[in-house]
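The residues making up each chain are set out below.
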Amino acid sequence: MAEERTGKRRLAPEDIYEIALVSDAQISPDGQRVAFVRTVLDRERNDYRSSIWLVDVAGGEPVRFTTADARDSFPRWSPRGDRLAFLSNRSGKDQVWLISLGGGEAQQLTRFPEPVTHFAWSPDGTTLAVVTKAETAEPPEKEPEPETDVVRITRIRYRSDGTPGFLDEKRSHIWCVPVDGGRPWQVTSGDFDESWPAWSPSGHEIAFVSNRTPDREYNTVSEIWAVRASGGEPRPVATGDAAYFFKPVWSPDGTVLAFTGHREPFAGSSRNHQLWAVAAGGGEPASLTSALDRSVEDEVLTDTAASSKPGPIWAPDGRWIYTQVSDQGNVHLYRIPAGGGEPQLVVGGRRRVVDFSLSADGSLIACTVSEPLNPCDVIVCSADGSGERRLTRVNEEFFATVELSEPEEVWLPSASEDRRPIHAWIMKPIGFREGVRYPLVLEIHGGPHAMYGNVYFHEFQLLAAQGYAVLYTNPRGSQGYGQQFLSCTRGAWGEADMPDLMGAVDAVIERGYIDPSRLGVTGGSYGGFMTNWVIGHTDRFKAAVTQRCVSNLASFYGTSDIGFHFGEHEIGGTPWEQPELYRRLSPLTYAPQMKTPLLILHSEQDYRCPIEQAEQLYVWLKKLGRTVEFVRFPDESHGLSRSGKPKHRVERLQHILRWFAEYL
Ligand SMILES: CSCC[C@H](NC=O)C(=O)N[C@@H](C)C(=O)O
């Protein structure tokens, strides 16, 4: 029917191959061009490829600038704008490469034996500050054969989601690398992990993020330090047991450092990240965004985006600091007065500003944006957000051939006593006709402190294409609605947020086009926890798919790479201090009440929510005689739905559709 009406076809799982992703829009210092990363899925190799592209700010067709068959990322303009440094895995591991804008091949700059994870240009353009775990600047003649494959563990934090799954004993440090020849030198050292180097405007110092507290093994502190670029003993800038600070950036006159974070390290993602300023010499930081009551990080979730690493940026006149702000399902670009005062919205709208950059004179901004019906494009606008123009139309051709469902943004009453309105999105099925009642799939997000929002979500569009209405919400515990809302799930996982979800389902059913006997539920990670929780507390759902889930909080403590502090803060104590609370809040406790046919999807190298969480649930339900199936994804991590091997991503989507087709 839809096809007849619109001439467009329905979306399919394999269409992930058709969608190119752009990210990391970096405007040249002179504001003439934007460099960005374009990532595509390589069907033949079952892998990803990315390259650096350029587009003129004045308009015109974007052109591919790096041409290697590799993964190029993180393009950064030299201060004079005559070359780009970028990361590439062309030589095997991510290293820094340089390419001149005047033409010629890219040249490999660094040859560290370990990957480079981040770098920053010195203000005079002669040197890069580079982050790597390498202990030497050159690889050894021959890689030494490991003496054993046995892993010896002595630290409390030793896991890391994915492969190989263990943190090694090597430490991330800052090196300086001269760009036109000369030997690299190591700037920081010791038993610390450093990240996010930021050059002072004079080029004499580098600020960075580290945890240098004596008790760092058992805390989650993140401090701001500075060190002379030539090396030596770092000095504290914003440090101490209450520091949870990231992404430092110097004011143009070098007198102030701004950074993001909060003052409750153990609380992690359950607190708004604020923008802070401190005298560059060190001292007591002041929050510039405490009145905003929102996080200055990007908290939105999607399955269709490439990653970038935006941080705050000072306007060159030192009056403003530009930052992302997560607000009610959107990620907006704000500028915050550096001396205090009202934050100003710069790039708003129903969308996510994925990353951004400023021209050297501060007059132009380039951003990557994502919208509900368009995964990504590059835009430019003036410093106050005016005069916005779209520079790319990356997926326009493809989306002209498929029919998408436009999400309707609504506020629906919670089923809890307070009837609090909960922000939600409803997608009608493709081919929707008045008078017909449709099955509904409730999608529950993870975190719990993240948010759904105004971005393209392939899984949701796919469900709509298969004839399901889709409901997604930001229940209590979500980001984007202020600190009080964010804290609601502490010690009350499932209990605090399930009424919000059920109220939203009730409200959608009241619209008259949902068949209440055909409700499905799914979610990943904390959303998988909630899927398990929901089917343990109601039989109203006819089919469920739990993904990368948590089922047993006691065994989650100590097996997840998220760290011991997460459960302690989120649940309210350790399993031995609060055994009854851990039992009460674990979905497995309610397994005997679970009757809904359940599909369990889990990655074998998921060390965020280890697969034992799925295994327990599967065997308990099987033994209880329930309809349950377990699909395991080898060599995949927690990020399967977003960054897994393309073939597995397609198979995952197919399994979800299969289960709902069979049981809903
Ligand atoms: C429930 S414990 C860990 C949950 C995890 N939190 C952070 O990593 C989570 O829910 N992740 C979400 C964002 C996801 O993977 O979708």
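Structure first, text after, so check above.
Note that the coordinates shown come from a computational prediction; the quantities given were computed from them, not determined experimentally. (Residues numbered from 1 in each chain as written. Predicted model: local features only at pLDDT ≥ 70, side-chain atom pairs only at ≥ 80, totals over all residues. Heavy atoms only, no water.)

J.: Lay out the packing of helix α3 (residues 458-465) against helix α12 (residues 646-663) in plain terms, naming residues and giving numbers.
T.: Here α3 crosses α12 at 35°, and the two axes come no closer than 11 Å. Of the two possible hands of crossing, α3 and α12 adopt the one that is right-handed. Residues His 458, Glu 459, Leu 462 and Leu 463 of α3 lie in contact with α12, whose contacting residues are Arg 652, Leu 653, Ile 656, Leu 657 and Phe 660. A per-class count over the contact of α3 with α12 returns 6 nonpolar, 1 polar and 2 charged. (Axes fitted to C-alpha atoms, helices over the stretch in contact; angles between N-to-C directions. Helix = DSSP H or I, 4+ residues; strand = E, 2+ residues; numbered from the N terminus. Left-handed = near helix turned anticlockwise from the far one by under 90°. Contact = heavy atoms within 4.5 Å. Nonpolar A, V, L, I, M, F, W, Y, C, P; charged D, E, K, R; others polar.)

J.: How would you summarise the packing of aromatic side chains if you had to cite specific residues and measurements?
T.: Applying the stated criterion across every chain yields a total of 31 aromatic pairs. Measuring from centroid to centroid gives 5.2 Å for Tyr 526 and Phe 529, while their planes differ by 15°, and the two rings are stacked. Placement of the pair is Tyr 526 and Phe 529 together in helix α6 (residues 526-537), with a separation of 3 residues, close to one helical turn. The pair Tyr 526 / Phe 529 is uniform in exposure class, with both members buried. Just above the ring of Trp 97 sits the side chain of Arg 90; from NZ or CZ to the centre is 4.9 Å. Lying over the aromatic face of Phe 432, Lys 428 brings its terminal NZ or CZ to 4.7 Å of the ring centre. (Phe/Tyr/Trp six-rings, centres within 6.5 Å; stacked < 30°, edge-to-face > 60°. Buried < 20%, exposed > 50% of the residue type's maximum accessible area, 1.4 Å probe, protein only. Lys NZ or Arg CZ within 6 Å of the ring centre and 35° of its normal.)

J.: Requested: an account of α6, with residues and values cited.
T.: Residues three or four positions apart in an α-helix share a direction because the helix packs 3.6 residues into each turn. Here α6 spans 16 Å end to end across 12 residues, near enough to the 16 Å set by a 1.5 Å rise per residue. The element α6 is extensively covered by neighbouring structure, given that 11 of its 12 residues are classed as buried. Residues Tyr 526, Gly 527, Gly 528, Phe 529, Met 530, Thr 531, Asn 532, Trp 533, Val 534, Ile 535 and Gly 536 constitute the buried set of α6. (Expected span 1.5 Å × (residues − 1).)

It is worth stressing that arrangement in space is one thing and function is another; only the former is reported here.
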